[in-house]
Amino acid sequence: MTDLSSFPITKKWPARHPERIQLYSLPTPNGVKISIMLEETGLPYEPHLVSFESSDQTSPEFLSLNPNNKIPAILDPDGPGGKPLPLFESGAILIYLADKSGRFMPQDLAGRYETIQWLMFQMGGIGPMFGQLGFFNKFAGKDYEDKRPRDRYVAESKRLLAVLNQRLAERSWIMGDEYTIADIATFPWVRNLLGFYEAGDLVGIADFPHVTRALAAFVARPAVAKGLTIPQRG
Ligand SMILES: N[C@@H](CCC(=O)N[C@@H](CS)C(=O)NCC(=O)O)C(=O)O
C-alpha cells in the first residue's frame, strides 16, 4: 500500500487513492494544462481543489510542495525509481507526464527538443504576457489612467499571436500532424485570452485565423472538455 503520509500536503488534502497521481490545482489556464494532460493520457489521478478564495496556495501544507505558492502541482507516488515525486511548474509537469506515459512528445530527439522549445515559448511568452494583458484589460489594472502598460501587453500579445499564427499556417498543430504538450500548454491560454479576459477584439484575433482554427480543434477534444472542468470548484 502506497504511503504518502510523510508529505505534509496530504494532511490538508488527504489522498483517498494514494496509488494515484495527486493533482493540486484549480481550473485556470495553467491548472487545466495538467488536468487535460492527465485526461488525454488516461493516467489515474486524484484531483484536489486549491482554493484561492481561502488562500490555500499560501498554506504551509501547499508551500511544503511548492514554495512558489502557485498551482498546478503534483505528487506522483510512483516516480523515478518507484519513489514518490513531488513536482511544480506546469511545463516541468507536462514533460514529466509525457515521459511517464510515452504520449504527446515526439520520440525522436530533435522533435523532442523542438516541442520543448515551443513549450518554453508558451511558458516564457504567451502565459506571462497574456496574463498581464488580462490584468490591465479586465481586472484591477483596467482602472489605471495611464494606458501605456496595457498597450505594451497588447502589442506583445499581438506579436506572440502572429508568431503562433505563422507556425500554424501550414500545420494542424504546433508540431505538425502530431498533437503534443506544446499544444496542451498553449491553447488554454488562447482560450482564456478570448474568453475570460475578453481581449479578442483588443488583440485583433480575426488577423490570426490559423490560431482560432487550431483552438477550435483543441476544445473539440473530449479530454480537453473534461480537463477544463477539473478540479471542480466547490
Ligand atoms: N509558471 C507557473 C505559473 C503558475 C501560476 O501562475 N499559477 C497561478 C494560477 S494560473 C496561481 O497559482 N496564482 C496564485 C497566486 O499567485 O497566489 C506554472 O506554469 O506552473
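Residues numbered from 1 in each chain as written. Predicted model: local features only at pLDDT ≥ 70, side-chain atom pairs only at ≥ 80, totals over all residues. Heavy atoms only, no water.

Colleague: What am I meant to see in the pairing of strand β2 (residues 45-49) here?
Modeller: Every other side chain in a regular strand lies on the same face of the sheet, so the side chains alternate between the two faces. Looking at chain direction, strand β1 (residues 21-25) and β2 are connected through five bridges and run parallel. Its bridge partner lying in β2, Tyr24 is registered against His48. Note that the unit made of β1, helix α2 (residues 29-41) and β2 has a crossover that is right-handed. (Pairing = 2+ DSSP bridges. Helix = DSSP H or I, 4+ residues; strand = E, 2+ residues; numbered from the N terminus. Right-handed = clockwise from strand over helix to strand, strands pointing away.)

Colleague: In this structure, what is going on with the site of the ligand? I would like to understand it.
Modeller: In the vicinity of the ligand, the residues found are Thr28, Asn30, Phe52, Gln57, Asn69, Lys70, Ile71, Pro72, Glu89, Ser90 and Met123. Within the backbone of Ile71, a nitrogen or oxygen atom sits 2.9 Å from an oxygen atom of the ligand. Glu89 places a side-chain nitrogen or oxygen 2.7 Å from a nitrogen atom of the ligand. Taking 520 Å² as the accessible area of the ligand by itself, protein coverage stands at 76%. (Near = heavy atom within 4 Å. Polar contact = N/O pair within 3.5 Å; in protein donor to acceptor, adjacent residues only side chain to side chain. Areas by Shrake-Rupley, 256 points an atom, 1.4 Å probe, with all protein chains shown as cover.)

Colleague: When you look at the pattern of salt bridges in this model, what are you seeing that I'm missing?
Modeller: Opposite charge on two side chains makes pairing possible when the charged atoms of those side chains draw close. A complete count under the given rule lists twelve salt bridges for this structure. Between Asp146 and Arg148 there is a salt bridge; the shortest N-O distance is 2.8 Å. Note that Asp151 is salt-bridged to Arg150, the shortest N-O span being 3.3 Å. Assessed through its relative accessible area of 24%, Arg150 is described here as partly exposed. (Salt bridge = Lys/Arg side-chain N within 4 Å of Asp/Glu carboxyl O. Buried < 20%, exposed > 50% of the residue type's maximum accessible area, 1.4 Å probe, protein only.)

Colleague: In this structure, what is going on with the packing of helix α5 (residues 109-137) against helix α7 (residues 181-194)? I would like to understand it.
Modeller: To characterise two packed helices, one gives the angle between the axes of the helices and the distance between these axes. Interhelical geometry of α5 versus α7 gives an angle of 15° and a closest axis separation of 9 Å. Taken together, the axis directions place α5 and α7 in an arrangement best described as roughly parallel. Considering the relative orientation of α5 and α7, their crossing is left-handed. In this structure, α5 uses Thr115, Trp118, Leu119, Gln122, Ile126, Gly127, Phe130, Gly131 and Leu133 to contact α7, whose residues at the interface are Ile181, Ala182, Ala185, Thr186, Trp189, Val190 and Leu193. Classifying every residue of the contact of α5 with α7 by side-chain character gives eleven nonpolar, five polar and no charged. (Axes fitted to C-alpha atoms, helices over the stretch in contact; angles between N-to-C directions. Parallel < 35°, antiparallel > 145°, perpendicular 65-115°, else oblique. Left-handed = near helix turned anticlockwise from the far one by under 90°. Contact = heavy atoms within 4.5 Å. Nonpolar A, V, L, I, M, F, W, Y, C, P; charged D, E, K, R; others polar.)

Colleague: I would appreciate a short explanation of α2 in the present structure.
Modeller: Because an α-helix packs 3.6 residues into every turn, residues spaced three or four apart end up facing the same way. Its 13 residues place the ends of α2 19 Å apart at the C-alpha level, agreeing with the 18 Å of an ideal helix rising 1.5 Å per residue. Across the 13 residues of α2, eleven count as buried, placing the element largely inside the fold. Within α2, the full set of buried residues consists of Pro29, Gly31, Val32, Lys33, Ile34, Ser35, Ile36, Met37, Leu38, Glu40 and Thr41. Directly after α2, the chain includes Gly42, whose backbone phi takes a positive value near 80°. (Expected span 1.5 Å × (residues − 1).)

Colleague: Even after reading the chapter, I still don't get the nonpolar core, so can you show me in this structure?
Modeller: Considering soluble globular proteins, one finds that nonpolar side chains tend to be buried as a cluster. Core analysis: the largest hydrophobic core is formed by 57 residues, its most contacted members being Ile74, Leu97, Ile181 and Phe187. Within the residue set of this core, elements represented by two or more residues are β1, α2, α4 (90-101), α5, α6 (148-168), α7 and α9 (209-219). Two domains each provide a minimum of three residues to this core, namely domain 1 (9-103) and domain 2 (109-223). Aside from chain neighbours lying at most four places away, what touches Phe187 is Leu168, Trp173, Ile174, Val211, Ala214, Leu215 and Phe218. (Core = buried A, V, L, I, M, F, W, Y, C linked by side-chain atoms within 4.5 Å. Domains from an automatic or database assignment.)

Colleague: What exactly am I supposed to notice about the environment of Leu194 here?
Modeller: Note on placement: Leu194 falls in helix α7. Residues Leu194 and Ala92 lie 102 residues apart in sequence; the distance between their C-alpha atoms is 26 Å. Apart from the residues lying within four places of it in its own chain, the contact partners of Leu194 are Ala199, Gly200, Ile205, Thr212 and Leu215.

Colleague: Sorry, what's going on with the domain arrangement of the chain here?
Modeller: When the parts come together, some accessible area is lost, and that loss is often what is quoted as the size of the interface. Here the chain is partitioned into domain 1 (9-103) and domain 2 (109-223). Just the C-alpha atoms count here: the centres of domain 1 and domain 2 sit 23 Å apart. Contact residues are listed per partner, giving 15 residues for domain 1 and 15 residues for domain 2. Here domain 1 packs against domain 2, burying approximately 1,300 Å² in sum over the two surfaces, 71% of which is carbon and sulfur. For domain 1, the biggest contributors to the area lost against domain 2 are Pro29, Lys33 and Glu40; these three give 39% of the whole. Seen at the junction of domain 1 and domain 2, the total is two salt bridges. The partner of Asp99 in a salt bridge is Arg112, and the shortest N-O contact between them spans 2.8 Å. (Buried area = accessible area lost by both parts, 1.4 Å probe.)

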